[in-house]
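Residue-level structural notes
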Amino acid sequence: MPTKKTDNGNLREKLFLRRHFIEKYHRPGPFAVIDACAGSGVIWQTLRRQYDCSYWPLDVKPARGRLAVDSVRVLAQAGWKADIVDIDTYGSPWKHWLAMLPNAPLPLTVFVTIGSVKINGVAFTDLTQQKLAGLSFKTLRLPAALAGKLGDFLVSSCLTSSYDYGIIITEALECPAPGNARYIGLRLEQGKRT
Amino acid sequence: MAKRADKAKQLEIIYLPIGDLLPYVNNSRVHTPAQIAQIARSMREFGWTNPVLIDEAKNLIAGHARILAAQTIGLDRAPCIQLSHLSEPQKKALVLADNKLAENACWNPQLLAVELKALGDSGFDATLAGFESSEIGLLLQPPQLKPVALTRPPKMSWVLIGIPTVEFGGIQSLVDKIAAHPNVLIETVVTDAHKKN
């Protein structure tokens, strides 16, 4: 049974990462946040007590206090404005990432949570991730150790796909945490299309 | 409205026997024995610094946990502020607000860590402030951020050598898929080397 390792279990690390970027780039505010996978909204519920920000929680599943829309489609539309996009997905953030890049208002801070799916100790790499790195195999089953090595390469490939849209990453920091999920914060700025 | 606010400003602290105070029957706040013990320790250290709130009939509005803690350490009188200007709904709301409004705040972990460290350095037992030892340990060792290695993959060349012409058709669709990626260049060398001259 697949286990997706992205929940609020590492709230401390997620908050620490977000606070670092907010303090550096957005304080004292006000700033605007799109929470692309709001879930229970516990991360920004906490941060909103501390910072002056407007908050747009989006999630596919309807719930009180958030917009029930496919945030990939929202981010794929031109014209949205935000200072921070939070892609704290339960799994892969890359569809959101790809959808966002052509329309991203710069400069922009983005948080991504990169989960992993394991079945009986075998890691399955994400298909969107593979495609971004030019690997179009339908099924790529790897031992966990090898998947980890490939994973670093794939993450790097996916993130730097922003360069195709003239967006440079001026800061990329990860907050290591227990479990398989990776919590990464990015600062995107205008660069040259390459 | 202004009259009511004026009344609230003229606060007096009166000391009443704890046995005279009546807990609110519908108090929805739950206090664990561990928390009561924490409050009792704090009272021993700092004294009773925060009076409880009561109405005209000595019904408790706020301070149930302090009363319980005081009883565990043998105190028999409590500092009280008697609020006589509140309506019944206001009393009900204040019972909740006294707990909930404080709960809505949050900590600045960086500053909190500085304060806890200063307490520790001065030899003061920081657990008297209500923090568990393990919690203090975590706060004093915050997570460390590390840079993510970002290397844009170079334009890749996939060189397929030695594939017999007859088998190349079988992998053509795969090669086309790979070639569709903008970062990939494909150079194929299809050989007929297996054929005998």
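Position numbers for residues start from 1 in each chain and track the written sequence from start to end. Both sets of labels track the order of writing: A upward for chains, 1 upward for ligands. Totals for whole chains, interfaces and linings use every residue, but because this is a predicted model, local features are given only for residues with pLDDT of at least 70 and side-chain atom pairs only at 80 or more, for both listing and counting. Excluded from the side-chain calculation are hydrogens and water; included are all heavy atoms of the structure.

As for the overall build of chain B
When helices and strands are tallied, chain B shows 7 helices and 7 strands. Secondary structure elements of chain B occur, N-terminal to C-terminal, as α-β-α-β-β-α-β-α-α-α-β-β-α-β. Looking at chain B residue by residue over its 197 residues, the buried ones come to 27%. A separation of at least 24 residues holds for 77% of the contacts in chain B among residues at least 6 apart in sequence. Computed with the Shrake-Rupley method and a 1.4 Å probe, the accessible areas treat only the protein chains shown as cover for residues. Accessible surface for chain B amounts to roughly 12900 Å². Of this, 58% is attributable to carbon and sulfur atoms. Per the convention used, a helix needs a DSSP run of H or I reaching at least four residues, while a strand needs a run of E reaching at least two, with both numbered from the N terminus. Residue exposure (1.4 Å probe, protein chains only): buried if accessible area is under 20% of the type maximum, exposed if over 50%, otherwise partly exposed. Every residue pair with non-hydrogen atoms within 4.5 Å of one another is taken to be in contact.

Regarding the overall build of chain A
Within chain A, the secondary structure is distributed over 6 helices and 11 strands. Classification of the 194 residues of chain A by burial places 52% in the buried group. Counted over contacts in chain A with a minimum sequence separation of 6, partners at least 24 positions apart contribute 63%. Looking at chain A as shown, the accessible area adds up to about 9100 Å², and 55% of this sits on carbon and sulfur atoms.

Structural notes on the environment of A:Ile114
In this fold, A:Ile114 is placed in strand β6 (residues 108–114). Separated by 70 residues in sequence, A:Ile114 and A:Ile184 place their C-alpha atoms 8.0 Å apart.

Description of the environment of B:Ala40
Of note, B:Ala40 is situated in helix α2 (residues 33–46). Sequence spacing of B:Ala40 and B:Leu68 is 28 residues, and the spatial spacing of their C-alpha atoms is 8.6 Å.

Re the nonpolar core
One broad trend across soluble globular proteins is that nonpolar side chains are buried collectively. Residues and elements named next belong to chain A. Grouping buried Ala, Val, Leu, Ile, Met, Phe, Trp, Tyr and Cys residues that are joined through side-chain atoms within 4.5 Å yields what is termed a nonpolar core. Within the largest apolar cluster, 29 residues are counted, with the highest numbers of intra-cluster contacts made by Trp 97, Met 100, Leu 186 and Leu 188. Elements with a minimum of two residues in this core: β5 (84–87), α4 (94–100), β6, α6 (144–159), β10 (167–174) and β11 (182–190). In terms of nonpolar packing, the next biggest core, distinct from the first, is built from 20 residues, Ile 22, Tyr 51, Phe 111 and Leu 173 among them.

Remarks on helix α5 (residues 109–121) of chain B
Residue and element names in this part refer to chain B. End to end, α5 covers 18 Å across 13 residues, agreeing with the expected 18 Å (1.5 Å per residue, within 8%). Among the residues of α5, those classed as buried are Leu 112, Ala 113 and Leu 116. Projected down its long axis, α5 carries its buried residues within an arc of 100 degrees, all on one side. In α5, those exposed residues whose orientation departs by more than 90 degrees from the buried face are Leu 111, Val 114, Glu 115 and Asp 121. The secondary structure elements touched by the buried residues of α5 are α6 (133–140). One or two residues past the end of α5 sits Gly 123, with phi positive at roughly 85 degrees. The span one expects for a helix is its residue count, reduced by one, times 1.5 Å. Taking the helix axis as origin, the arc is that swept by the directions to the C-beta atoms.

Focus: the confidence of the model for chain B
Residue and element names in this part refer to chain B. Think of pLDDT as the predictor's per-residue confidence, scored from 0 to 100. Model confidence for chain B is summarised by a mean pLDDT of 81, while 74% of its residues fall at 70 or above. pLDDT under 50 marks residues 193–197. Its contacts with residues more than four places away, or in other chains, come to 3 contacts. Both confidence scores are given for the complex: pTM 0.61, ipTM 0.78.

So, the pairing of β5(A)
Side chains on a regular strand alternate between the two faces of the sheet. Residue and element names in this part refer to chain A. Alternating positions in β5 separate into two faces, Ile 84 and Asp 86 on one and Val 85 and Ile 87 on the other, with burial throughout. Two strands make a pair as long as DSSP finds a minimum of two bridges between them. As defined by bridge partners, strand β2 (residues 31–35) adjoins β5 across 3 bridges and the pair is classed as parallel. When the bridges of β5 are listed, Asp 35 appears paired with Asp 86. Relative to β6, β5 is paired through 4 bridges, and the arrangement is parallel. By the bridge assignment for β6, Ile 84 is matched with Thr 109. The parallel pair β5 and β6, bridged by α4, forms a crossover whose chirality is right-handed. When the strands point away from the viewer, a crossover counts as right-handed if the path from the first strand over the helix to the second runs clockwise.

Examining the confidence of the model for chain A
Summarising the model, chain A shows a mean pLDDT of 80, and 73% of its residues fall at 70 or more. Segment residues 1–6 of chain A: pLDDT under 50, and 21 contacts once partners within four positions in sequence are set aside and those in other chains are kept.

So, the packing of α5(B) against α6(B)
All names here are of chain B. Orientation is described by axes fitted as lines to C-alpha atoms, over the contacting stretch for helices, and by angles from 0 to 180 degrees between their N-to-C directions. In contact at an axis separation of 9 Å, α5 and α6 are set at 115 degrees when each is read in the N-to-C sense. By crossing handedness, the relation of α5 to α6 is classed as left-handed. Counted together, Pro 109, Leu 112, Ala 113, Leu 116 and Lys 117 of α5 and Ile 136, Leu 139 and Leu 140 of α6 form the full contact between these two elements. In this classification, Asp, Glu, Lys and Arg are treated as charged, Ala, Val, Leu, Ile, Met, Phe, Trp, Tyr, Cys and Pro as nonpolar, and every other residue, Gly included, as polar. A class-by-class count of the residues in the contact of α5 with α6 yields 7 nonpolar, no polar and 1 charged. Each crossing gets its hand from how the near helix is turned against the far one by less than a right angle, where anticlockwise is left-handed and clockwise is right-handed.

Comments concerning the sheet that holds strand β3 (residues 60–62) of chain B
Residues and elements named next belong to chain B. The 4 strands lie next to each other as β1-β4-β2-β3, forming an open sheet whose pairing is mixed. Strand pairing shows two members of the sheet lacking a second neighbour, β1 (13–17) and β3, which therefore form its edges. Each adjacent strand pair in this sheet contributes to an overall mean axis angle of 50 degrees, direction not counted. As judged from the 3 bridges shared by strand β2 (residues 52–54) and strand β4 (residues 77–82), these two strands associate in the parallel manner. Its bridge partner being in β4, Val 52 is matched across the sheet by Cys 80. Of the strands in this sheet, β2, β3 and β4 are in contact with helix α3 (residues 64–72), which crosses β3 at around 110 degrees.

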